[in-house]
Amino acid sequence: MIKLTINGKEIQVPRGTMVLDACQQAGADIPTLCYDPDLKLAGSCRMCVVEAKGRPNLMAACVSPAENNMVIETESHDVVESRKIILELLLARHKLECHTCERDGSCKLQDYCYRYGVTDSRYAGQGPHFGMEDPNPFIKRDYDKCIMCTRCVRACEEITGAQVINVKDRGHHAKISTVFDGKLADSNCVFCGQCLMVCPVGALTSKVSAGKGRSFQTKGVLTTCTYCGTGCTFELNVKDDNVVGVTSVRDSEFSPVNKGALCVKGRFGWDFIHSPERLTTPLIKENGEFRPASWDEALNLAAEKLKGMKDKYGTDSVAMFSSARVTNEENYLAQKFARVVLGTNNIDHCASLCHSSNVAGMGAAFGSGAMTNTINDMGEDARAIFVIGSNTTENHPIIGYKIKQNVRKNGAKLIVADPHCTDLATMADVNMQFQPGTDVALLNGMMNVIITEGLLDKEFIENRTENFAALKQILEKYTPEYVEPITGVPADDIRRAARIYAESEASAICYSMGQTPYSTGTDNVKSVCNLAMLTGNVGRPGTGVNALLGQNNVQGACDMGCLPIAYQAATDSEIRDKFEKAWGLTLSAQNGLTVTQTINAAHAGQIKGLFVLGENPIVSDPDIQHVDEYLEKLECLIVQDIFLTETAQKADIVLPGLSFAEKEGTFTSTERRVQLVRKAVSGPGEAQDDWWILCELSTRMGYPMFYANAEEIFEEMRLLTPSYAGMSYARLQGSGLHWPCPTEDHPGTPILHKDIFSRGLGLFHAIEFKEPVEL
Ligand code: SF4
Ligand code: SF4
Ligand code: SF4
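Quick caveat, the model's predicted, so the values are computed rather than measured. In this numbering scheme, every chain counts its residues from 1 along its sequence in written order. Here chains are named by letter from A upward and ligands by number from 1 upward, in the order in which they appear as written. Given that this is a predicted model, residues contribute local features only at a pLDDT of at least 70 and side-chain atom pairs are listed and counted only at 80 or more, while totals for whole chains, interfaces and linings are drawn from all residues. Heavy atoms from the whole structure form the basis of all side-chain values; hydrogens and water molecules are not counted.

Points about the packing of aromatic side chains
Two aromatic rings from Phe, Tyr or Trp, using only the six-membered ring of Trp, form a pair when their centres are within 6.5 Å; if the ring planes differ by under 30 degrees the pair is stacked, by over 60 it is edge-to-face, and anything between is tilted. For the structure on display, the rule yields 14 aromatic pairs. On the basis of an interplanar angle of 80° and a centroid distance of 5.4 Å, the ring pair of Trp-295 and Trp-692 is categorised as edge-to-face. You can see Trp-295 sitting in helix H7 (residues 295–313) and its partner Trp-692 sitting in helix H25 (residues 690–700), a full 397 residues away along the chain. Using a 1.4 Å probe on the protein chains alone, a residue whose accessible area is under 20% of its type maximum counts as buried, one over 50% counts as exposed, and one in between counts as partly exposed. In this structure Trp-295 comes out as buried when scored by relative accessible area, which is 10%. Ring centres 5.0 Å apart and planes at 25° place the aromatic pair Phe-366 and Phe-757 in the stacked group. Within this pair, whereas Phe-366 is found in helix H10 (residues 356–366), its partner Phe-757 is found in the loop between strand S28 (737–738) and strand S29 (762–763), the two being separated by 391 residues in sequence. By relative accessible area, Phe-366 is classed as buried at 0%. Aromatic rings pair up to connect Phe-138, Phe-191 and Phe-268 into one cluster. Put simply, a charge is over a ring when the Lys NZ or the Arg CZ is close to the ring centre, within 6 Å, and near the line of the ring normal, within 35 degrees. Its guanidinium or amino end placed over the ring of Tyr-143, Lys-175 lies 4.7 Å from that ring's centre, counting from NZ or CZ. Taking the ring centre of Tyr-313 as reference, the NZ or CZ of Lys-608 above it sits at 4.9 Å. Strands here are runs of E lasting at least two residues and helices are runs of H or I lasting at least four, both read from the DSSP assignment and numbered beginning at the N terminus.

Digging into the sheet that holds strand S22 (residues 545–547)
Here 5 strands make up an open sheet; going across it, the order is S19-S18-S17-S21-S22 and the pairing parallel. If you trace the sheet from one side to the other, it starts and ends with strand S19 (430–432) and S22, each paired once. On average, adjacent strands in this sheet sit at an angle of 15° to one another, irrespective of strand direction. Should DSSP find at least two bridges between two strands, the strands are taken to pair. Pairing between strand S21 (residues 507–511) and S22: 3 bridges, direction parallel. Of the residues in S22, the one forming a bridge with Tyr-511 is Ala-547. Contact definition: two residues touch when any of their heavy atoms are within 4.5 Å. Comment: axis = line fitted to C-alpha atoms, over the contacting stretch for helices; angle = value between 0 and 180 degrees taken between N-to-C directions. Taken strand by strand, helix H14 (residues 439–452) contacts strand S17 (384–388), strand S18 (413–417) and S19, and its axis lies near 155° from that of S17.

A few points about helix H26 (residues 710–720)
When we look at burial in H26, the residues that qualify are Ala-710, Ile-713, Phe-714, Met-717, Arg-718 and Leu-720. Taken down its axis, H26 places every buried residue within 155° of arc, on the same side. Against the buried residues of H26 lie helix H8 (328–342), helix H21 (573–583), strand S26 (665–668), H25 and helix H27 (729–732). For the purposes of these results, a polar contact is taken to be a pair of N or O atoms within 3.5 Å, where, inside protein, one atom must be able to donate a hydrogen and its partner to accept one; residues adjacent in sequence count only when each atom of the pair is a side-chain atom. Between the side-chain oxygen of the N-cap and the backbone nitrogen of Glu-711 there are 3.2 Å, and the N-cap of H26 in question is Asn-709. Here, the arc refers to the directions that run from the helix axis to the C-beta atoms.

Quick notes on the site of ligand 2
Taken together, 14 residues are adjacent to ligand 2, and Cys-146, Cys-149, Thr-150, Cys-152 and Cys-199 come closest. All residues other than Ala, Val, Leu, Ile, Met, Phe, Trp, Tyr, Cys, Pro, Asp, Glu, Lys and Arg, Gly among them, are scored as polar; the first ten of these are nonpolar and the last four charged. The class makeup of the residues in the shell around ligand 2 is 11 nonpolar, 1 polar and 2 charged. A single heavy atom is enough: if one lies within 4 Å of a molecule or strand, its residue is considered near that molecule or strand.

Concerning unusual backbone geometry
Cis rather than trans, the peptide bond between Trp-739 and Pro-740 has omega equal to 0°. Looking at the element boundaries, Pro-740 is found in the loop between S28 and S29. Despite not being glycine, Asn-7 shows a phi value in the positive range, around 50°. Mapping Asn-7 onto the fold places it in the loop between strand S1 (2–6) and strand S2 (9–13). The exposure class of Asn-7 is partly exposed, given its relative accessible area of 38%. Here Phe-180, not a glycine, exhibits a phi torsion of approximately 55°, which is positive.

Considering the pairing of strand S3 (residues 49–52)
In the case of a regular strand, side chains alternate between the two sheet surfaces. Relative to strand S4 (residues 59–60), S3 runs antiparallel, the two sharing 2 bridges. Bridging from a neighbouring strand, Val-49 pairs with Ala-60 of S4. What sits between the antiparallel neighbours S3 and S4 is a turn of 6 residues, in which Gly-54 has the positive phi angle 90°. Where S3 meets strand S5 (residues 70–73), 2 bridges bridge the pair, whose relative direction is antiparallel. Paired with Glu-51 across the two strands is Glu-73, which belongs to S5.

Details of the site of ligand 3
Around ligand 3, a shell composed of Cys-225, Tyr-227, Cys-228, Thr-230, Gly-231, Cys-232, Leu-262, Cys-263, Lys-265, Gly-266, Pro-397 and Ile-398 is seen. Within the residue set of the shell around ligand 3, elements represented by two or more residues are helix H6 (264–268) and helix H13 (397–410). A class-by-class count of the residues in the shell around ligand 3 yields 8 nonpolar, 3 polar and 1 charged.

Structural notes on the domain arrangement of the chain
For the domain bounds, the source is a domain assignment made automatically or taken from a database. Domain boundaries assigned for the chain yield domain 1 (2–75), domain 2 (118–274), domain 3 (283–349 + 562–667 + 684–738) and domain 4 (356–553). Contacts between the two partners involve 14 residues from domain 2 and, on the opposite side, 11 residues from domain 3. Once two parts are brought into contact, the accessible area they lose, counted with a 1.4 Å probe and summed over both, makes up the buried area. At the boundary of domain 2 with domain 3, total buried surface from both sides reaches about 960 Å², with 67% on carbon and sulfur atoms. The salt bridge definition used is simple: a Lys or Arg side-chain nitrogen within 4 Å of an Asp or Glu carboxyl oxygen. At the junction of domain 2 with domain 3, the criterion picks out 0 salt bridges. Applying the counting rule to domain 2 against domain 3 returns 3 residue pairs in polar contact (both at pLDDT 80 or more). Here the residues of the side of domain 2 that touches domain 3 are counted per class, giving 9 nonpolar, 4 polar and 1 charged.

Below is the structure:
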């Protein structure tokens, strides 16, 4: 520790602390412009200058290390005069139009000019004024407000890894520019808006929010993104019951995964909330045309139809699709409605198309079909990252950006295996562009090298796994030379990839939809589990088998039981008994039908009615024509959604629900983190909470369901769901909790299988390569 005196106050700080941090610890309010705690130091704006006794010059506090016995003044006469001159220099080519500026009230330049009484600049008129034409749909760059702090340049490089912008020219002619000074849309810009997030002035603003309300006119409502499984959090900016923008939350207590960073979807893709195409009233189809109906009429008709089919054709003649988009609470009620009110286990959602291979593959190998580690692990602790079958920067952008950061900043090694040349592939140490569907051969080839070269973790295999001998035997023939003609990957690349993965201290595997929705998807998943166990890369920070789930709540919808073969299986009499006692009636012991089986069963005339909550099978199913025909064959199709989707257009009854911005509840992200969704605005017209619709329908069908709010549903759910048992809305307020969280004092489980696998010993599977039938 060293000792300093700051504005007469003595403090102690660890050696290596910067003067700026020391001053802030002493309670001094130092103005900063180019400084950003999440970015590399620039030390260029000089606003943070302070006076150190005995030093000839003022020092920039952000880049000066504190020294023992320093005596510092942060607002001395010289410091203040210097800051005034800096502000005048910055104003030299800065348009003073605060009255119309989007950043009025949240601009650091404005704040500091006010603080130091700077109204004008002696140097004004010196610089050229650049145009601001850039016809992209998201970001407005006003060069005449730019103070050249380079925060945007650093954010683009260090947070997103896009490296799209930099400083062009010098002096008065300096400006932030893309390569060849072209338009953003013509560059590699991904419109993540990180530049906008860090800009301290009005030089970068959102075109989507322009003119809709400035920061002091809006209220921020913290919530969780509704797009992908990453689970980013942000604030919805609300004015007059309208969402007018999105603001980053950079405090990791409230933004534990993305720490303020967002992708184009989360930052700019909120305008659907107030789309004129939102459903505002229930609809009933008559003579092929929809007509608006009252809630009573639509619900009574839906209840009558569902009950009629159930009575006439039996309980398993009806099926329900729930949704990876809606909340856990709504998914819990959807499966309860199917099992209790419809009397069937025919409940599924799109996870059957993408995630069921994980449930089966990881479930068999580890005992739990969920991502083993955290997203932050891949950005921080992993020393090698093996990305297979995932275009991460497109599908889970924030995870992709974190992987890039880990590679660029921390020197982590990157191996990419994908039939496409993805964005991550371009920066990989080894890029294996393999033939589609040959994943097992490629992985077997890597494991063959690991065993042949003695790079396996014998202790881990011996103490924590079983069936290694069978795997070893089958791998013998998968030499890199044998695998090369199957996969198209040069044998040497397979060797290099295997060595990097096996030799790093902590290697993480990350995969997504390139691995799972195949007829061989479960084999692919079992193979990555084999690779991780072979090298002892499970149960530690920075390791694991990390399945990146597509939509925002795939994990939650599965956890809630919206699967025909649920985690808590209907065929297990003890589990059934638990639910029967809680719900007060007898449940079916038969497993239900998956989405694709339901469609075939409808073709065969076994399924007569379908209730779809928030899914669009006409678009999401692999065979659209097949689904289209099947929907035509149904006696009754009921769709609950927020838009008249392609599927809803085929419905007999349409029930309007609410978007994520209009409801309370929880989502569970791909890393098993349960986070709160908070209501920001009212829904349009007569649209209702999705849980309310389910309760009304249930009550009308003879099983009264009443809840006061989403929290009451969560409280019922957690009593029946052991991995959520210790969670409550109060505990989820900050950064949420990772399941399993079995008791109210349990901190949650960021890393699975630490000392023991969920199934006890990890199970190796000896898997031969076979071509997927899709080929
Ligand atoms: S939007 Fe993102 S990628 Fe584009 S310039 Fe800004 S930070 Fe870079
Ligand atoms: S655009 Fe904003 S963040 Fe970028 S250099 Fe100019 S003032 Fe700084
Ligand atoms: S990465 Fe996913 S969760 Fe994060 S902002 Fe983008 S779409 Fe939303």
